[in-house]
Structures are given as C-alpha cells and as structure tokens.
Amino acid sequence: MAKDYYNVLGLDRKASKDDVKKAFRKLAQKYHPDKGGDEAKFKEITEAYSVLSDEKKRREYDAYGQAFPGGQGPAAGGHGGNPFAGFDFSQFQQGAEFDFGDIFGDIFSGRGGRQPQTPRGRDISIDVEISFKDAAFGTTRNVLIAKVSTCSLCHGSGGKAGTEMEKCKTCNGSGRVHETRNSILGQFTSVRTCATCEGTGKIPKEKCPECKGHGTLRKQEEIRINIPAGIDNGEMIRMQGQGEAIKAGIAGDLYVKVHVKPHAIFRRDGSNLIMDLPVKLTDALLGTMVPIETLEGKTLEVKIPPMKRAEELLRVGGKGIPAEGTRGDLIIRLEVALPHKLSGKAKKALEDLKTEGL
C-alpha cells in the first residue's frame, strides 16, 4: 500500500515548502534515535521530507503517487525491508538540496536556524554579604575577582601593536570550519568556530606579548557593584557583560548573590519592618511615650496608648524598607512584660487594685 507522505508529516496537500520543513523539524526532534525516539518512524518522516521538500519529486509524487518516475516504490518492485527504497540517497552524499545540517543544527543545539551564533564568554557568580541596613537603603561594594578579561595591551585583537592582520588559512577568513561525518542517514555537516583564529577570520603576523595572541587572559579585576535599596536576602544581581571575555565575541554576565546579615532588633516582612517592644504593666495600663531608634539610626518618640490586650501591634507609617519610590511601615509588636519579683509595697498596691476589680 502506497504511503501518504502528507499524512506522515501531518500536512495537507496545499502545504508550503516552509510548512514541510517545520513539520519535519518538529517530528525529527520527537523521533530521532539519538533522542530516544522511534527509528522506524524517523526513517518514515525522513523519506516523506525527502520527497515533499524537493519541488520536482513533489510534483511527480502528486501526479503519480509513491511510484513516481525514477523512484523505486511498490510499482518498481516494492520496499521490501528497506523503508528508504522509495528515494535516492545520493543527494545527501552530494550535499545537494536536502541539507541535514540545516535540519538538525537547531534540534540538537537548542537554537533555531543555521546562522552562526555569536560566541559568548562564560557567566560567573560571586557571593557578597551586606548589613541589614545596607540592604534596606542600598550600597556599593568593590570586589576583586579573577576572571578571563580582554587583554588591555592589544584590546582583544591578539596582535602586537602596529602589526598587520592576515587572513586565516585554516578557515579562509570565514572564522568557521565545516566538518562532515558519515551516518546511517548519509553525511552530516556541522559548523564550528575555527580554533586557529578563534572565530575572527584573521591572525596577526606578530602575536601580542601579553596574551600570546589569544586576545584575552586571566587576571584580577576590581568591579564595582551597585546594590539597590530594598534588596532581600538571597536575591541575585545580574551585571551584563561583566563575566568572562572571549575573543571575537561578547563577554558573559556576572551574577552576584546577596546575603543579608540579620539585625539585632528588626526583621523584615516584605517592605515592612517588625520589632518587638516589651511594655511594663503600668505603662500598658496607663499608656506612655517611648523613644525608639529607627533603622537609619534616628531617635523617634512613639506614643503607646493604654493597651486593651496583653499583645498589640502599633504601626508607624513610612519607617520601613524603601520600595518603588515609597517606604513600608515600622510595625511595633507590643507585649506586656510581667515582673519576675514583686516588693511588699508593689504587692500591697496590687491588692488594692484587686479590690477595685482589676
């Protein structure tokens, strides 16, 4: 029974060439044997793509079915045990219209298209510890880190000052090298960065004495980190382009993980600050004024009204953590502090209060 190549790829007969290509890519990623897929199914969709992606073969297939002229379909003796008997593999070996590098390059690299990707340096990460106050109001830190950086002598060219640059003979100035390897499906062609010129396409006549022609070298570099106000413990700061450099490419990123030291008095709840304040029994009953030192170190007089419960919350607006142009609140957790020991006079006073029903 003749195969319906359109059905194999999940397409209708009006599908465009791009539709055919997209459908094959999707199915190839699903069924490729190297990805744990069904080899027989993969061969079937490859066969369908080989026909429908070729305009001449597609016209013949549409006109005659699977046994198109020049093919070896059922009318020409059947497939037998070979699912590829219906088409010619010679086009793969000659690197003609069916380009496996185009199809599989993005499947296994996780990127779309064949366009060469700009080389990118390695991302690096560091940890910094700051005080609770600095986390609230923001600060800066200068850190010294060892990383691969652009050579300051040759500015990344890899050449000695004033030297001429020559075309790389390995890649013929393209910066890329094509590699071809054989497989059961024909020849696969991949593209990699030229190791001789490191992707630049050019090599200096005389190498830089500092970096030995690499354009980069490992050295210590001081970096200034701006830590924003309101940052929380464990948050990351991404510093774009401050990671490791790479020749003929862009530098990676630096990720700074911030660790905030606990405060002796305050703790954080979003943009609010919380503190505990023990209140004497008499102050709880009568009310009082209490001086409180705020996070920025200023003294604030807070009025505590007579308490109705043993534990109450008192909110002071605008004395919390800065957040998006505003500040959170300071929440004071009031708790009646009972005396551990009473004098005779105090006991008598309490007895009098007891007779009043208190």
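This one's a predicted model, so the numbers in the text were calculated from it and none came from an experiment.

### Describing the overall build of the protein
Check the secondary structure of the protein and you find nine helices and 17 strands. Considering only residue pairs separated by 6 or more positions, the protein has 62% of its internal contacts joining residues 24 or more positions apart. Of the roughly 21,800 Å² that the protein leaves accessible, carbon and sulfur atoms contribute 48%.

### Section: the pairing of strand β11 (residues 272–280)
In terms of strand pairing, strand β10 (residues 267–269) meets β11 through three bridges, oriented antiparallel. Within the sheet, the bridge partner assigned to Arg267 lies in β11 and is Ile274. The hairpin formed by β10 and β11 contains two residues between the paired strands, and Gly270 there has a positive phi angle of roughly 65 degrees. Bridge analysis of β11 against strand β17 (residues 330–337) gives eight bridges, and the strand direction is parallel.

### A closer look at the nonpolar core
In this structure, Ile225 and Ile332 are the most contacted members of the largest nonpolar core, which totals 38 residues. If near-sequence neighbours (up to four positions away) are discounted, Ile225 is found in contact with Ile126, Val128, Thr139, Thr140, Arg141, Val143, Ile237, Met239 and Val256.

### Let's talk about a nonpolar patch on the surface
A grouping of Leu281, Leu285, Leu286, Leu338, Leu342, Leu350 and Leu353 is seen on the molecular surface, where their side chains present a nonpolar patch of about 640 Å² in accessible area. At the level of elements, α8 (281–286) and α9 (344–355) are the ones that each hand at least two residues to the nonpolar patch. For the nonpolar patch, the element with the highest residue contribution is α8, accounting for three residues. Mapped onto the secondary structure, Leu350 falls in helix α9. Take Leu350: its relative accessible area is 36%, and that puts it in the partly exposed class.

### Things to note about the packing of aromatic side chains
Considering all chains together, one arrives at three aromatic pairs under this definition. Ring centres 4.5 Å apart and planes at 25 degrees place the aromatic pair Phe24 and Tyr49 in the stacked group. With Phe24 in helix α2 (residues 17–31) and Tyr49 in helix α3 (residues 39–52), this pair connects stretches of sequence that are 25 residues apart. Residue classification places Tyr49 among the buried residues on the basis of a relative accessible area of 8%. Chaining the aromatic ring pairs together yields one cluster made of Tyr5, Tyr6 and Tyr61. When the ring centre of Tyr31 is taken as reference, the NZ or CZ atom of Lys41 above it lies at 5.9 Å.

### Structural notes on the state of the cysteines
In protein structure, a disulfide is the covalent linkage between the sulfur atoms of two cysteines. Applying the stated rule across the entire model yields zero disulfides. Take Cys151: it sits in no disulfide, and the sulfur closest to it among the cysteines is that of Cys154, at 3.7 Å. Residue class for Cys151 comes out buried when judged on its relative accessible area of 1%. Cysteine Cys154 shares no disulfide, and the gap to the nearest cysteine sulfur, in Cys211, comes to 3.6 Å. What makes Cys154 buried here is its relative accessible area of 8%.

### Topic: the pattern of salt bridges
Two side chains bearing opposite charge may form a pair once their charged atoms approach each other closely. With the rule as written, the count across this model stands at 19 salt bridges. Measuring nitrogen to oxygen at the nearest pair gives 3.8 Å for the salt bridge that ties Glu221 to Lys147. Highlighted residues: Glu221 in strand β7 (residues 216–227) and Lys147 in strand β2 (residues 139–150), separated in sequence by 74 residues. Note on Glu221: relative accessible area 26%, which makes it partly exposed.

### Let's talk about α2
Side chains three or four residues apart in an α-helix point the same way, a direct result of the helix having 3.6 residues per turn. Between its first and last C-alpha, α2 extends 21 Å over 15 residues, near the 21 Å set by a 1.5 Å rise per residue. Buried within α2 we find Val20, Ala23, Phe24, Arg25, Leu27, Ala28 and Tyr31.

### Quick word on the packing of α2 against α3
Packing of α2 against α3 brings their axes to within 9 Å, and their N-to-C directions diverge by 165 degrees. If you check the angle between α2 and α3, you find them roughly antiparallel. For the crossing formed where α2 meets α3, the hand is left-handed. Facing α2, whose interface residues are Val20, Lys21, Phe24, Leu27, Ala28 and Tyr31, α3 presents Glu39, Lys41, Phe42, Ile45, Thr46, Tyr49 and Leu52. Considering only residue class, the contact of α2 with α3 consists of nine nonpolar, one polar and three charged.

### Comments concerning the environment of Leu52
Within the fold, Leu52 resides in helix α3. The class for Leu52 is buried, based on a relative accessible area of 1%. Spatially, the C-alpha atoms of Leu52 and Tyr6 are 8.0 Å apart, while their sequence positions differ by 46 residues. Setting aside residues no more than four positions away along its own chain, Leu52 makes contact with Tyr5, Tyr6, Leu9, Val20, Arg58 and Tyr61.

### Comments concerning the sheet that holds β10
Taking strand neighbours across the sheet as the criterion, the four strands line up as β10-β11-β17-β14 in an open arrangement whose pairing is mixed. Each having just a single partner strand, β10 and β14 (311–316) make up the two edges of the open sheet. Across the sheet, the mean angle separating the axes of adjacent strands is 35 degrees when strand polarity is ignored. In the sheet, β14 pairs with β17 via six bridges, with the strands oriented antiparallel. By the bridge assignment for β17, Leu314 is matched with Ile332.

Conventions adopted
- Residues numbered from 1 in each chain as written.
- Predicted model: local features only at pLDDT ≥ 70, side-chain atom pairs only at ≥ 80, totals over all residues.
- Heavy atoms only, no water.
- Helix = DSSP H or I, 4+ residues; strand = E, 2+ residues; numbered from the N terminus.
- Contact = heavy atoms within 4.5 Å.
- Areas by Shrake-Rupley, 256 points an atom, 1.4 Å probe, with all protein chains shown as cover.
- Pairing = 2+ DSSP bridges.
- Core = buried A, V, L, I, M, F, W, Y, C linked by side-chain atoms within 4.5 Å.
- Buried < 20%, exposed > 50% of the residue type's maximum accessible area, 1.4 Å probe, protein only.
- Patch = residues over 30% accessible without salt bridge, like charges linked within 9 Å, V, L, I, M, F, W, Y side chains within 5 Å.
- Salt bridge = Lys/Arg side-chain N within 4 Å of Asp/Glu carboxyl O.
- Phe/Tyr/Trp six-rings, centres within 6.5 Å; stacked < 30°, edge-to-face > 60°.
- Lys NZ or Arg CZ within 6 Å of the ring centre and 35° of its normal.
- Disulfide = S-S within 2.5 Å.
- Expected span 1.5 Å × (residues − 1).
- Axes fitted to C-alpha atoms, helices over the stretch in contact; angles between N-to-C directions.
- Parallel < 35°, antiparallel > 145°, perpendicular 65-115°, else oblique.
- Left-handed = near helix turned anticlockwise from the far one by under 90°.
- Nonpolar A, V, L, I, M, F, W, Y, C, P; charged D, E, K, R; others polar.

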